[in-house]
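The lines below spell out each chain.
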Amino acid sequence: MDPHISTTPFGRRSLSLAMVAGQMAADSCAPGASSNKWQVFRAVCEAKQLLGASDRALAVLNALLSFHPDTDLVEGEGLVVFPSNAQLALRAHGMAPATLRRHLSVLVDCGLVVRRDSPNGKRYARKGFDGAIEQAFGFDLTPLLARAEEFERMAEAVRAERRSLLLVRERITILRRDIAKMIAFGLEEGIAADWPRLHLSYRDIVAAIPRTASRLELEPIAAELAALAQEVRKALESHIKTEETSANESHSERHIHNSNTHPHEFEPGLEKGQGTAAAVKPETRSQPPTGYPLGMVLRACPDIADYARNGISGWADLVETANLVRGALGVSPDAWNQACEAMGAVDAAIMVAAMLQKGEAISSPGGYLRSLTAKARAGEFSIGPVLMALLRGRGGAQAKAG
């Protein structure tokens, strides 16, 4: 076959540096080079972000490769394919002509193919007397062969980055679970520590996690969570060491402490003596409140599940977990008991889960719960709008992330 002489595009399309770079890549193809075209295509797909190729452009590239009759791309053996736009659109799943032309330009700009335009812009092949193709005009796939090793290196780098991102996400998930469980345990056992401060620090770090983040963004967050986990663990270890030095005395004090006191309540406006009042364990309703199922509540307020010791499989588990979390939020036993009396234990637990989910949006959870309690006594409180607002907020955030 005669060497290709077409180096510039037909018609109004102007020559670009990307076209020149693609032609240089094609010219640099090693003599006798050979590579499986579908392996090269898979590497290109994995490295698409580094190359700047879109999914639709790759669909067009897949269609172009299907017009090459052999499985392997071999240097010097007919690497120009010349389908018409109509044929190409059919193999690209019925892509519109304007869309097809746009994505063909993307493939050229990414240096994946080279245009070999004929004098009249048509795509065709000229055959010799023996029936062999002497000259072909269309899209040259030689850059795929010439850059096959480069594409594989890029794909390997993408795979390594993906694995690193997965590992840091797993680390953050485990650290979040560890911190939440340790704080819940410390509150339940009445271990002396500044649990409200630790909880707020945890919430601040978690609130800073983007819904879609790169490894470089997540690694500092993982480091902060690891430092906080270490601090929480030291508080628990310090308590264990104290127990070891005075085992009998600490054993009895721990039981007294669990039943009579709740440290670190910081709700403003408490009456004298209320800050240390014991929270009465409320009776839970056997049926869901106002017709809202537990699954819906957990979709609206998923963070509460992090603090459950054995998961949340029923309303009793939700109430028990909310009774633990309310201490970290700064809700006093008195405010909790009054809320349970006014709106029911389950609705009170849902409101604690909602306040936990809203985080810093509620500056005084204790005062907020008392105001809702007053509304419940006046018959003006409904849990439905709270759940609906949280569900809409999560749905909108997920749509943006997608």
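Basis of the calculations
- Residues numbered from 1 in each chain as written.
- Predicted model: local features only at pLDDT ≥ 70, side-chain atom pairs only at ≥ 80, totals over all residues.
- Heavy atoms only, no water.
- Axes fitted to C-alpha atoms, helices over the stretch in contact; angles between N-to-C directions.
- Helix = DSSP H or I, 4+ residues; strand = E, 2+ residues; numbered from the N terminus.
- Parallel < 35°, antiparallel > 145°, perpendicular 65-115°, else oblique.
- Contact = heavy atoms within 4.5 Å.
- Nonpolar A, V, L, I, M, F, W, Y, C, P; charged D, E, K, R; others polar.
- Salt bridge = Lys/Arg side-chain N within 4 Å of Asp/Glu carboxyl O.
- Buried < 20%, exposed > 50% of the residue type's maximum accessible area, 1.4 Å probe, protein only.
- Phe/Tyr/Trp six-rings, centres within 6.5 Å; stacked < 30°, edge-to-face > 60°.
- Lys NZ or Arg CZ within 6 Å of the ring centre and 35° of its normal.

For the chain, an unreviewed UniProt entry supplies the name Replication initiation protein RepC and the organism Aminobacter aminovorans.

J.: Just give me the short version of the packing of helix 2 (residues 37-46) against helix 4 (residues 55-66), but keep the residues and values in it.
T.: At a minimum axis separation of 11 Å, helix 2 and helix 4 run at an interaxial angle of 175°. Classified by the interaxial angle, the pair formed by helix 2 and helix 4 is roughly antiparallel. The residues of helix 4 that touch helix 2, namely those facing Lys 37, Trp 38, Phe 41, Val 44 and Cys 45, are Leu 58, Leu 61, Asn 62, Leu 65 and Ser 66. Residue composition of the contact of helix 2 with helix 4, grouped by class: 7 nonpolar, 2 polar and 1 charged.

J.: Which residues make up the pattern of salt bridges, and what values go with them?
T.: With the rule as written, the count across this model stands at 14 salt bridges. Residue Glu 156 is joined to Arg 159 by a salt bridge in which the shortest nitrogen-to-oxygen separation is 2.9 Å. Here Glu 156 and its partner Arg 159 are both found in helix 8 (residues 148-189), 3 residues apart, which amounts to about one turn of the helix. With a closest N to O distance of 3.0 Å, Arg 203 and Asp 303 form a salt bridge. Here Arg 203, found in helix 9 (residues 195-207), pairs with Asp 303, found in the loop between helix 12 (294-300) and helix 13 (315-329); they are 100 residues apart in sequence, far enough to count as distant. Among the residues examined, Arg 203 registers a relative accessible area of 11% and is labelled buried. Overall, the relative accessible area of 11% leaves Asp 303 in the buried class.

J.: Describe in detail the packing of aromatic side chains, supporting the description with residues and values.
T.: Counted by the stated rule, this structure contains 2 aromatic pairs. For the pair Trp 38 and Phe 41, a centre-to-centre distance of 6.1 Å together with 90° between the ring planes defines the contact as edge-to-face. Placement of both Trp 38 and Phe 41 in helix 2 is noted, with a separation of 3 residues, approximately one turn of the helix. We classify Trp 38 as partly exposed; its relative accessible area is 28%. Looking at Arg 91, its charged tip hangs above the ring of Phe 67, at a distance of 3.8 Å from the centre.

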